[in-house]
Amino acid sequence: ARDPGLFNQALMDLGAGVCTPEKPLCNRCPLAGACMARRTDRVAEIPAAAPRKAATIVRETAIIERRAGKVLVERRGPGEWWEGLWDFPRAPRRPRGRRLGTVAYTVTHHKVTCTVVEREPRGHAARPTANRRWVTPQGLAHLALSAPGRRIAKLLAPSSP
């Protein structure tokens, strides 16, 4: 009651160093005499592990657009995975184009399978903006790419002249 912050910190320190989920050090615990788990011989059961959340399966397509020896990249926006990092444009369905491969990755409880396709842009090339630019494949090494973006970049074959 006098210092709840200090008390809470002491409990966290006790949990981190003594009352650990795996191999607790009950013989070193200052609260061993008051421990219900120890008294009932249930140290391995308490606390019960929370059930793992089932993975959500996500399928997406990364689009490699080439023009004049460069590829289009976009900066991930607010609220997106890898916010602020550069990445290749995505589509929920597979657009037409030459399949370069697949990149699989996990984000929190999402298992993502990303098909990578290459296509020529239709119509006018996307104009560079603060969140979109055309970069040479070698220039990708100088951008802060997302982890999947780096793996996708490895699938790029040199463009034909």
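Source: prediction; values computed, not measured.

Conventions adopted
- Residues numbered from 1 in each chain as written.
- Predicted model: local features only at pLDDT ≥ 70, side-chain atom pairs only at ≥ 80, totals over all residues.
- Heavy atoms only, no water.
- Helix = DSSP H or I, 4+ residues; strand = E, 2+ residues; numbered from the N terminus.
- Rg over C-alpha atoms; globule rule 2.2 N^0.38 Å.
- Buried < 20%, exposed > 50% of the residue type's maximum accessible area, 1.4 Å probe, protein only.
- Contact = heavy atoms within 4.5 Å.
- Areas by Shrake-Rupley, 256 points an atom, 1.4 Å probe, with all protein chains shown as cover.
- Core = buried A, V, L, I, M, F, W, Y, C linked by side-chain atoms within 4.5 Å.
- Patch = residues over 30% accessible without salt bridge, like charges linked within 9 Å, V, L, I, M, F, W, Y side chains within 5 Å.
- Salt bridge = Lys/Arg side-chain N within 4 Å of Asp/Glu carboxyl O.
- Pairing = 2+ DSSP bridges.

Caption draft 1: Summary view of the overall build of the chain. Assigned secondary structure in the chain consists of three helices and seven strands. Each helix (α) and strand (β) of the chain, taken in turn from the N terminus, gives the series α-α-β-β-β-β-β-β-β-α. Its C-alpha atoms give the chain a radius of gyration of 25 Å, more than 25% over the compact-globule value 15 Å for 161 residues. Along the longest, intermediate and shortest principal axes, the C-alpha atoms of the chain span 75 × 30 × 25 Å. Counting the 161 residues in the chain, one finds 30% classified as buried. Taking contacts inside the chain between residues at least 6 apart in sequence as the whole, the part at least 24 apart equals 63%. Here the chain has roughly 11,500 Å² of accessible surface; of this, 55% comes from carbon and sulfur atoms.

Caption draft 2: Just the environment of A144, in detail. Considering the arrangement of structural elements, one finds A144 in the loop between β7 (132-135) and α3 (147-153). Residue classification places A144 among the partly exposed positions, given a relative accessible area of 45%. The sequence separation of A144 and E80 amounts to 64 residues, and the corresponding C-alpha distance is 15 Å.

Caption draft 3: Layout of the nonpolar core. Counting residues in each nonpolar core, the largest one holds 20 residues, and the members touching the most others are I64, F88, L140 and I152. Of all elements in the fold, only β1 (56-67), β2 (70-75), β5 (98-107) and β6 (110-119) reach the threshold of two or more residues within this core. For this core, the leading source of residues is β5, giving four residues. Each residue touching L140, except ones within four places of it in the same chain, is listed here: V71, V73, F88, V135, L145, A153 and L156.

Caption draft 4: Structural detail: a nonpolar patch on the surface. A cluster of nonpolar side chains, F7, L11 and L31, forms an exposed patch at the surface whose accessible area comes to about 290 Å². Here L31 shows up in the loop between α1 (4-17) and α2 (36-39).

Caption draft 5: Geometry of the pairing of β6. Burial analysis of β6 places seven of its ten residues in the buried class, which makes it a mostly covered element. Note that β1 and β6 share ten bridges and pair parallel. The residue of β6 that forms the bridge with I64 is E118. One ladder, built from nine bridges, connects β5 with β6; its direction is antiparallel. Directly across from R99, in β6, lies its bridge partner V117. The antiparallel pairing of β5 with β6 creates a hairpin that spans two residues between the two strands, and T108 there sits at a positive phi of about 45°.

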